[in-house]
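Notes for the structure review
Chain by chain, the residues:
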Amino acid sequence: MTDTSLPAVGARPAANVRSRVPANPFAILRRALVYVLLSIAAFVSVFPFFWMIVGATNKSADIIRGKNSFGSELFNNAATFFTQVDALRVFWNSAFIAVVGTALTLLISSLAGYGFEMFRSKVRERIFALLLLFLSIPFAAMMVPLFVMFSQAKLVNTYTAVILPTVASIFIIFYFRQATKAFPSELRDAAKIDGLKEWQIFLFVYMPVMRSTYAAATIIIFMANWNNYLWPLIVLQTAENKTITLIVSALTSAYTPDYGMILFGTVLATLPTLVIFFLLQRRFVEGMLGAVK
Amino acid sequence: MAYARLDRREQLTGWAFIAPALVLLGLFMIYPIIWSLWMSFQVGKGMNLSFGGFANIERLTKDPVFLRALGNTFIFFIIQVPIMITLALLFAVALNDSTLRFRGLFRTAIFLPCVTSLIAYSTIFKSMFATDGVVNQALMALHIIGSPIGWFTDPFWAKVIVILAITWRWTGYNMIFYLAALQNVDRSIYEAARIDGVPAWARFTHITIPMLKPVILFTTVISTIGTLQLFDEVYNFTAGSGGPSDSTLTLSLYIYNLTFKFMPSFGYSATVSWVIVVLVGILSFLQFLVARDRRRT
Amino acid sequence: MNRIASRRGLVLGAVLAGVSFLSVAAASAGDVTVWAWDPNFNGATMKEAASRYQAINPEANIIIDDTASQDDIRAKLQTQLLAGSTDGLPDIVLIQDDVAQKYLQSFPGAFEPLSDSIDMTAFADYKVAAATLDGKSYSLPFDSGVTGLFYRSDYFEEAGFTAEDLNNITWDRLIEIGTEVKEKTGHLLLDLDLTDTGVIRMMMQQSGTWYFNEDGSLNIVDNAPLKKALETYAKFYQADLVKPVSGWAEYTGAFTSGEVAAVPVGVWITGTIKANADQSGLWGVAPIPRLDIEGSVNASNQGGSSWYVLASSDNKEEAIDFLKTVWGSDVDFYQKILIDQGAVGSLLAAREGEAYKATDEFFGGAPVWQDFSTWLSQIPSVDYGVFTAEVDSAVQAQLPTIIQGGDLDQALQAIHDQAQQQMQ
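Residues numbered from 1 in each chain as written. Chains lettered and ligands numbered in written order. Predicted model: local features only at pLDDT ≥ 70, side-chain atom pairs only at ≥ 80, totals over all residues. Heavy atoms only, no water.

Looking at the overall build of chain C
A count of helical and extended segments in chain C gives 17 helices and twelve strands. Against the compact-globule benchmark of 22 Å for 424 residues, chain C has a radius of gyration of 23 Å, which places it among compact chains. In terms of overall dimensions, chain C has C-alpha extents of about 70 × 50 × 40 Å along its principal axes. Across the 424 residues that make up chain C, the buried fraction comes to 63%. Considering only contacts in chain C between residues 6 or more positions apart, those separated by 24 or more positions represent 76%. As displayed, chain C offers around 14,900 Å² of accessible surface, 48% of which is attributable to carbon and sulfur atoms. (Helix = DSSP H or I, 4+ residues; strand = E, 2+ residues; numbered from the N terminus. Rg over C-alpha atoms; globule rule 2.2 N^0.38 Å. Buried < 20%, exposed > 50% of the residue type's maximum accessible area, 1.4 Å probe, protein only. Contact = heavy atoms within 4.5 Å. Areas by Shrake-Rupley, 256 points an atom, 1.4 Å probe, with all protein chains shown as cover.)

Next up, the structure:
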């Protein structure tokens, strides 16, 4: 399906393969086209972020009227936001859930990815295939039985209930398994000769070598945990345990929503994932590299 | 497929590594899934359920809303996945050129959308594509359109906006996978082909695409699952209605409605969930099959 | 009580408890917890009520969680009632009237009947009826969704219309007036969202019908008021008087920015309109227009919700006492929330208070609250049934066709067929 649409546009990306040859007018034109297209793509990608920041500086009424320039309401919006929302508390909740959740997911899912790839057996391959299929079950279908379990364990309204179901992530296991294919087997053999046990190899050889894979996974998992909505919504009951994602989302449903304040909230809610991304992005690109080798 | 012979000890180590994940998945995934499979044979409303055999499956075939949701989901899938994968490939190939300036900048910019939070993104898209929003203002200023487009009020444009939005959010994400894979392709193959006079587009279809086939397959499967489960965008863009006129109602949104908005009809919503599983199973199988056939030729 | 909480779940639950860590303490016994949406409206009124109760009972501790949207509260409530698990539930929850019967009938025993301990005749009839099942009433009626036609008096005056011209008119007459207003001022009459059936439901209720017959079966194909409502809805579009919008931001934006001239809506919108202080004196409120058919009146309802006590609550007595003491009898409290939040309660005695008699400069010095009270007492009471959401979504599916002049009987048949299918 994908490649039927490719030949028509194939000429453009191929341009840069040729671009190493001494320039001819045709090649220069192509090159210019690549820059124009990439610039458009970059602009389209970044513009909504810019727009969000513009919104956060305007009054609600102006935003509704479609005002498209910077305003002077940033501090008022911030003040409204901080009086309505116990920001410290909700940020703590979000940060705790995202950080602990990410750490546990990295550990449990990378262990499994390593296990599936290094010790292949027929039974485990079957299990793996089955897991991939289960990746497609919509979460809404599993929510009620999950809730029953957590309420019987008296864990409703706890961070535990939010974190635990996300820790073994099939997608991340899949990702680590693919990445492990690129892990040099000589390293493992050498470590074995040195008498290291398998868990020691994992801890002292695999983890340091694969650190860029871990960096990449960190961004993906952190993002997912930070933005998680439906399950935390159901399982967190009291205001003091809720995450920033839940709180900002609820602000939009007031009879008279204050959009300036809400956009200020969304800027705040987006910041942590942006920071994590910028901190880890260099490693991230390398990490993805490992995943598909 | 042949497996290296593992001794008993290694077998045990293998199980030990995957055991924590399997226990957790068993509790939080397999158990709810089996529960929902059991539920899909139950009929009734609210708490009054009884065994109904295949009644829910029969109901599916006669349910116009289900068929609409299925149709919409397929339209999103058939149009959006190829567009996104093609764009991601194009960007990746363009950015893979080491002589290109500002590569890091372009790469970061195009990847950025997928780290945004869902509420931020849906709030912003709603405001940008409002009838008086910045997009219509810009299009009118450029004289591309004469009167504002009702992005969210017209059934056709509402579908377009959902496709635009998912493409915006996930193209960079897929691009990174291709970029990574492209860095493994041996440059000398391209050079040799070029010297042999193979035209650019033929090099793309005959070298780049085959080399990337495993990654394309991987991203296609992941995107297929993502699109068939499409919920976030349509829920947030339409205040949960899937409107106008059910034009953006997806299977996942329908499941949500059956569970939470309508008179709770649990067995039936579980049945719809299983439709997605079966569809993903079939589509993934077909995608693997297509990929395998091409490898042979 | 339920089959979902199987023994298997119990075992798994026990396993889970074993790995429990970082538990966060739940609200302690003796606290009354309340779920409500919108901190500036429902949340604020509940906080006022709580502080009044605490002034009488210093020991009482009422915890209000207003940090979830209405949809979110419904999802949480429904998940927990389906799971048969009650420890996550609050003591008091706010539920909108048109979905109340769905909860009462799908989850028998989940809510505490209040009519045994609270005198329901003190409240507006139609509010009590919405929460009554098998002779017992389950809610403490809160805000009324009594409707009015909020309009920009300056635009209408410019076009030569006074308040009297809008008094007790029909929707058809409104379309005539709106056409002239548009010609003279350039402003469209109103804004409509094709994913919201509010106006259509308003028209049905003012004519004393809903989507269902008394026995709960569908009343669509031969429902004259519904047909007339759809016809009127289409007329707005055909007369080119509608600004199409999508979502709450655009919907409220169109009338608060002065783009459209009027909005037929529930009284709870007052706060949103008055948030634009610079428009003071430029607004008026007229009785909601009626359908041009027998039995249709110039009074209707849109939205509005009530407080329910969960039967699983450990603090039922205290919760009920709280509702009874403040919400059931404190007339002064109702004056306060009317002034501060624009919340029109359903306690009949409250209407005799000072605030209800006051005039409002924002609305050109008209006694708007007195007007709303009068209309409130005229609202025909209808049975919202349990499948309103299903039929709503069937109606929405037909709206784009209807506004393009599609055949109404065919549309009604399609609505009927889809709804019938969904009600299985």
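Back to the text.
Focus on the side chain of C:Gln335
Mapped onto the fold, C:Gln335 is located in helix α13 (residues 331–341). With residues up to four places along the chain from it excluded, the contact list for C:Gln335 reads C:Ala350, C:Gly353, C:Glu354, C:Ala355 and C:Tyr356.

Quick notes on the interface of chain B and chain A
Frequently, the measure chosen for interface size is the accessible area removed from exposure when the parts meet. Each side of the interface is counted separately: chain B has 97 residues, and chain A has 99 residues. The junction of chain B with chain A conceals about 9,300 Å² of combined surface from both sides, 78% of it contributed by carbon and sulfur atoms. At the junction of chain B with chain A, the criterion picks out one salt bridge. One salt bridge in this structure joins A:Lys192 and B:Glu10, with 3.7 Å as the shortest N-O distance. The interface formed by chain B and chain A contains five residue pairs in polar contact (both at pLDDT 80 or more). Sort the elements by how many residues they give to the side of chain B that touches chain A and helix α1 (residues 8–39) of chain B lands first, with 21 residues. Grouping the amino acids of the side of chain B that touches chain A by side-chain chemistry returns 67 nonpolar, 20 polar and ten charged. (Buried area = accessible area lost by both parts, 1.4 Å probe. Salt bridge = Lys/Arg side-chain N within 4 Å of Asp/Glu carboxyl O. Polar contact = N/O pair within 3.5 Å; in protein donor to acceptor, adjacent residues only side chain to side chain. Nonpolar A, V, L, I, M, F, W, Y, C, P; charged D, E, K, R; others polar.)

Brief notes about the pattern of salt bridges
Here the structure, examined in full by the defined rule, presents 31 salt bridges over all chains. Close ionic contact of A:Glu198 with A:Arg188 constitutes a salt bridge, the shortest N to O distance being 2.9 Å. Here A:Arg188 lies in helix α10 (residues 185–193) and A:Glu198 lies in helix α11 (residues 198–209), a separation of ten residues in the sequence. On the basis of relative accessible area, A:Arg188 is assigned to the buried category, the value being 11%. With a closest N to O distance of 3.5 Å, C:Lys182 and C:Asp240 form a salt bridge. Here C:Lys182 is found in helix α7 (residues 171–185), whereas its partner C:Asp240 is found in the loop between α9 (224–238) and β9 (242–245), with 58 residues between them in sequence. On the basis of relative accessibility, which here comes to 46%, the residue C:Asp240 falls in the partly exposed class.

Re the sheet that holds strand β1 (residues 31–35) of chain C
Residues and elements named next belong to chain C. One open sheet accounts for five strands, arranged β2-β1-β3-β12-β6; its pairing is mixed. Each edge of the open sheet is held by one strand with a lone partner, namely β2 (61–65) and β6 (139–141). The mean angle between the axes of side-by-side strands here comes to 25°, regardless of whether they run parallel or antiparallel. Pairing analysis gives five bridges linking strand β3 (residues 92–96) to strand β12 (residues 305–309), with the strands arranged antiparallel. Bridge pairing in β12 places Ile95 opposite Ser306. Running at roughly 120° to β3, helix α4 (residues 97–106) makes contact with β3 and β12 of the sheet. (Pairing = 2+ DSSP bridges. Axes fitted to C-alpha atoms, helices over the stretch in contact; angles between N-to-C directions.)

Some words on the sheet that holds strand β10 (residues 262–266) of chain C
Whether parallel or antiparallel, the strands of a sheet pair through hydrogen bonds between backbone atoms. Residue and element names in this part refer to chain C. If you trace the three strands from one edge of the open sheet to the other, you get β10-β7-β11, paired in antiparallel fashion. Only two strands of the sheet have a single partner each, and these edge strands are β10 and β11 (283–286). For this sheet, the mean angle separating the axes of adjacent strands, direction not counted, is 30°. As defined by bridge partners, strand β7 (residues 147–152) adjoins β11 across four bridges and the pair is classed as antiparallel.

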